[in-house]
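# Overview (structure and organization)
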Amino acid sequence: MDAYDEDSRGPQGPDGPPGTRLPEEPAQPPPAPPAGAPEPRTGVAALSPGYRVAAALALAVVAVAAGVHLLMVFLSLAPANTVTKQHGKVIEEWVYPEFEQNWKLFAPNPLQQNIAVQVRAEVRMRDGDLRTTGWTDLSAQDGAAIDGNLAPSHTQQNELRRAWDFFTATHASDNRPVGLRGSLSEQYLRRIAVMRLYRDDPTSREGVIQRVQIRSSTTNVQPPPWSRERVSDKPALRLLPWWSVTADEAAGGVR
């Protein structure tokens, strides 16, 4: 007998010879709903009447709250008008401080100036002589450290800039402090200047700093060639008075 012949003793199929398989029956489609039957409801319509009323009330409350919030924020940003004059207190209590809007990120007129902060010092040398250094451009040092640096430090980017902004915000144009934080801003700016001089100025490292003087040079960024705007290209200087350095600063205590 050939080895590939089917064994007559093999299992018999129910309706065929041994080893055969019956074709599978096709799946029957679900029965169609009877004519005129309503379609099943979904979403909110599937809820019971009580739940539908509750959902409608919740949506109404959310819509009213969103409308009131947008109105309050709009009034807080709008120019002074009759509503803000009569209900200004209510608007402030709603908006501040959680919903305060700060438009600096989307400022329509961003800063268009280059500000350079410079410092010089009077240094008591080891032989007792008092020597005045030249002007050191602190902003240029930060710019050189940032330029080409893929990951500049927060100190290089913001320390001096924020200190100068702090000073100008707490002082009038005649360099007199305005408010209680004026002296604090002076101390903060002076300590940064002394620290930088002890680190980078050879004359300061050879002696003890007695006084420092800071100035700023502000130059307008020129508009593009296609713009009709014309601004001055002359730098505006702001010279601060000489500040005496305290004992701990003069000894390098801020390094």
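Report follows, based on the coordinates. Fair warning: this is a prediction, and the values are worked out from it, not measured in the lab.

### Considering the overall build of the protein chain
For the protein chain, the helix and strand inventory stands at seven helices and six strands. In sequence order, the secondary structure elements of the protein chain are arranged as α-α-β-β-β-α-α-α-α-β-β-β-α. Put simply, the protein chain has 255 residues, and 25% of those count as buried. Long-range pairs, those at least 24 residues apart, make up 57% of the contacts in the protein chain with a sequence separation of at least 6. Of the roughly 19000 Å² of accessible surface on the protein chain, 57% is carried by carbon and sulfur atoms.

### Observations regarding the packing of aromatic side chains
Tallying each qualifying case throughout the model produces two aromatic pairs. A centroid spacing of 5.5 Å and a plane angle of 25° characterise the contact between tryptophan 164 and phenylalanine 167, whose relative ring orientation is stacked. Pair noted here: tryptophan 164 and phenylalanine 167 are both in helix 4 (residues 154-169), with a separation of three residues, about one helical turn. Since its relative accessible area comes to 5%, tryptophan 164 is described here as buried. We classify phenylalanine 167 as buried; its relative accessible area is 0%. One aromatic cluster in this structure is built from Trp164, Phe167 and Trp243. Positioned above the aromatic ring of tryptophan 135 is the side chain of arginine 215, whose terminal nitrogen or guanidinium carbon lies 4.1 Å from the ring centre.

### As for the packing of helix 1 (residues 49-77) against helix 2 (residues 82-95)
Contact geometry for helix 1 and helix 2: axes closest at 9 Å, N-to-C directions at 115°. Considering how the two elements wind past one another, helix 1 and helix 2 form a crossing that is left-handed. Contact with helix 1, carried on its side by Val68, His69, Met72, Val73, Leu75 and Ser76, involves Val83, Thr84, Val90, Ile91, Trp94 and Val95 of helix 2 and no other residues of that element.

### A few points about the environment of threonine 219
The residue threonine 219 is located in strand 4 (residues 208-220) in this model. The class of threonine 219 is partly exposed, set by a relative accessible area of 26%. Separated by 106 residues in sequence, threonine 219 and glutamine 113 place their C-alpha atoms 5.5 Å apart. Residues in contact with threonine 219, not counting those within four places in the same chain, are Gln112, Gln113, Asn114, Asp233 and Pro235.

### Digging into the pattern of salt bridges
Tallied over the entire structure, the rule returns six salt bridges. The partner of arginine 211 in a salt bridge is glutamate 122, and the shortest N-O contact between them spans 2.9 Å. Here arginine 211, found in strand 4, pairs with glutamate 122, found in strand 1 (residues 113-124); they are 89 residues apart in sequence, far enough to count as distant. Residue class for glutamate 122 comes out buried when judged on its relative accessible area of 13%. Here arginine 161 ties to aspartate 165 by a salt bridge, and the two come within 3.8 Å at their closest N and O atoms. Of the two residues, arginine 161 and aspartate 165 are both situated in helix 4; the distance of four residues between them amounts to about one turn of the helix. The network of salt bridges with common partners includes Asp142, Glu159 and Arg196.

### Focus on helix 3 (residues 138-146)
For helix 3, the N-terminal cap is aspartate 137; the gap from its side-chain oxygen to the backbone nitrogen of serine 139 is 3.2 Å. Just past helix 3, the residue glycine 148 takes up positive phi, approximately 80°.

### Details of unusual backbone geometry
Even without glycine at this site, asparagine 175 takes up a positive phi of about 70°. With respect to the element layout, asparagine 175 can be found in the loop between helix 4 and helix 5 (182-200).

### Looking at the side chain of serine 217
Along the chain, serine 217 falls in strand 4. According to the relative accessible area criterion, serine 217 is buried, its value standing at 15%. In contact with serine 217, not counting residues within four places along its chain, are Asn114, Ile115, Ala116, Pro235, Ala236 and Leu237.

Definitions and cut-offs
Residues numbered from 1 in each chain as written. Predicted model: local features only at pLDDT ≥ 70, side-chain atom pairs only at ≥ 80, totals over all residues. Heavy atoms only, no water. Helix = DSSP H or I, 4+ residues; strand = E, 2+ residues; numbered from the N terminus. Buried < 20%, exposed > 50% of the residue type's maximum accessible area, 1.4 Å probe, protein only. Contact = heavy atoms within 4.5 Å. Areas by Shrake-Rupley, 256 points an atom, 1.4 Å probe, with all protein chains shown as cover. Phe/Tyr/Trp six-rings, centres within 6.5 Å; stacked < 30°, edge-to-face > 60°. Lys NZ or Arg CZ within 6 Å of the ring centre and 35° of its normal. Axes fitted to C-alpha atoms, helices over the stretch in contact; angles between N-to-C directions. Left-handed = near helix turned anticlockwise from the far one by under 90°. Salt bridge = Lys/Arg side-chain N within 4 Å of Asp/Glu carboxyl O. Polar contact = N/O pair within 3.5 Å; in protein donor to acceptor, adjacent residues only side chain to side chain.

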